[in-house]
Amino acid sequence: MKQYLLSVYQPDGPTPPAEQLDMIVDRLDALNAEMKDAGAWVFSGGLHAPGSATVVRAEGGDLLTTDGPFTEGKEHLGGFTIVRAPDLDAALGWAGRIAEITTLPVEVRPFQGKA
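Residues numbered from 1 in each chain as written. Predicted model: local features only at pLDDT ≥ 70, side-chain atom pairs only at ≥ 80, totals over all residues. Heavy atoms only, no water.

**Considerations on the packing of aromatic side chains**
Inference 1: Across all of its chains, the model carries 1 aromatic pair by this definition.
Inference 2: Positioned above the aromatic ring of Trp41 is the side chain of Lys36, whose terminal nitrogen or guanidinium carbon lies 4.3 Å from the ring centre. (Phe/Tyr/Trp six-rings, centres within 6.5 Å; stacked < 30°, edge-to-face > 60°. Lys NZ or Arg CZ within 6 Å of the ring centre and 35° of its normal.)

Encoded structure:
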């Protein structure tokens, strides 16, 4: 089976209120358990805000670090899930479930060379 990266993008700005966020987390936990039971779940995690990032660049034999984020935008990568799926349609099905729970867009990309 191939592995797919399901990237959840969220808008910059404040975090949703605790009661709303708690409900989303509970529903995502339940979906992760369902994916585990189905043998699809590989790994998932949420990320801190983009301002917590550090960017590392190799230039002229030196490693340079700068405060992140790498790119400026109105949305940022907020979290991700890696799933095993027999095909893109199955991966899109899991992504759709995440999008319904979070109300956020989810980008689906296959890993290279994973079969």
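On we go from here.
**Description of unusual backbone geometry**
Inference 1: A cis geometry characterises the amide bond from Gly68 onward to Pro69, with omega recorded as 5°.
Inference 2: Here Pro69 is to be found in the loop between β4 (62–67) and β5 (75–85).
Inference 3: Phi is positive for Thr103, which is not a glycine, with a value near 60°.
Inference 4: Relative to the helices and strands, Thr103 resides in the loop between α2 (88–102) and β6 (106–110). (Helix = DSSP H or I, 4+ residues; strand = E, 2+ residues; numbered from the N terminus.)

**Some thoughts on the sheet that holds β6**
Inference 1: With antiparallel pairing, 4 strands are arranged side by side in an open sheet as β2-β5-β1-β6. Sheet topology places β2 (41–46) and β6 at the edges, where each strand pairs with a single neighbour. Neighbour to neighbour, the strand axes of the sheet diverge by 20° on average, direction disregarded.
Inference 2: Summarising the sheet, β2 and β5 pair through 5 bridges and their orientation is antiparallel. From the neighbouring strand, Trp41 faces β5, where its bridge partner is Val83.
Inference 3: With respect to the sheet, helix α1 (residues 18–37) is in contact with β2 and β5, its orientation differing from that of β2 by roughly 160°. (Pairing = 2+ DSSP bridges. Axes fitted to C-alpha atoms, helices over the stretch in contact; angles between N-to-C directions. Contact = heavy atoms within 4.5 Å.)

**Points about the packing of α1 against α2**
Inference 1: Between α1 and α2, whose axes approach to 9 Å, the crossing angle comes to 165°. The angle between the axes of α1 and α2 places the two elements in the roughly antiparallel class. The interaxial crossing formed by α1 with α2 has right-handed handedness. On α2, the residues that touch Ile24, Arg27, Leu28, Leu31, Glu34 and Met35 of α1 are Trp94, Arg97, Ile98, Glu100, Ile101 and Thr102.
Inference 2: Here the residues of the contact of α1 with α2 are counted per class, giving 7 nonpolar, 1 polar and 4 charged. (Parallel < 35°, antiparallel > 145°, perpendicular 65-115°, else oblique. Left-handed = near helix turned anticlockwise from the far one by under 90°. Nonpolar A, V, L, I, M, F, W, Y, C, P; charged D, E, K, R; others polar.)

**Points about the side chain of Asn32**
Inference 1: Turning to its location among the elements, Asn32 is positioned in helix α1.
Inference 2: Apart from residues no more than four positions distant in its own chain, Asn32 is found in contact with Trp41 and Ser44.

**Quick notes on α2**
Inference 1: Its 15 residues give α2 an end-to-end C-alpha distance of 21 Å, which sits within 8% of 21 Å, the value for a rise of 1.5 Å per residue.
Inference 2: Those residues of α2 that are buried lie in contact with β1 (2–11), α1, β5 and β6.
Inference 3: Backbone nitrogen of Asp89 and a side-chain oxygen of the N-cap are separated by 3.2 Å at the start of α2; the cap is Asp87.
Inference 4: Positive phi appears at Thr103, one or two residues downstream of α2, with a value of about 60°. (Expected span 1.5 Å × (residues − 1). Polar contact = N/O pair within 3.5 Å; in protein donor to acceptor, adjacent residues only side chain to side chain.)

That is the geometry; function is a separate question.
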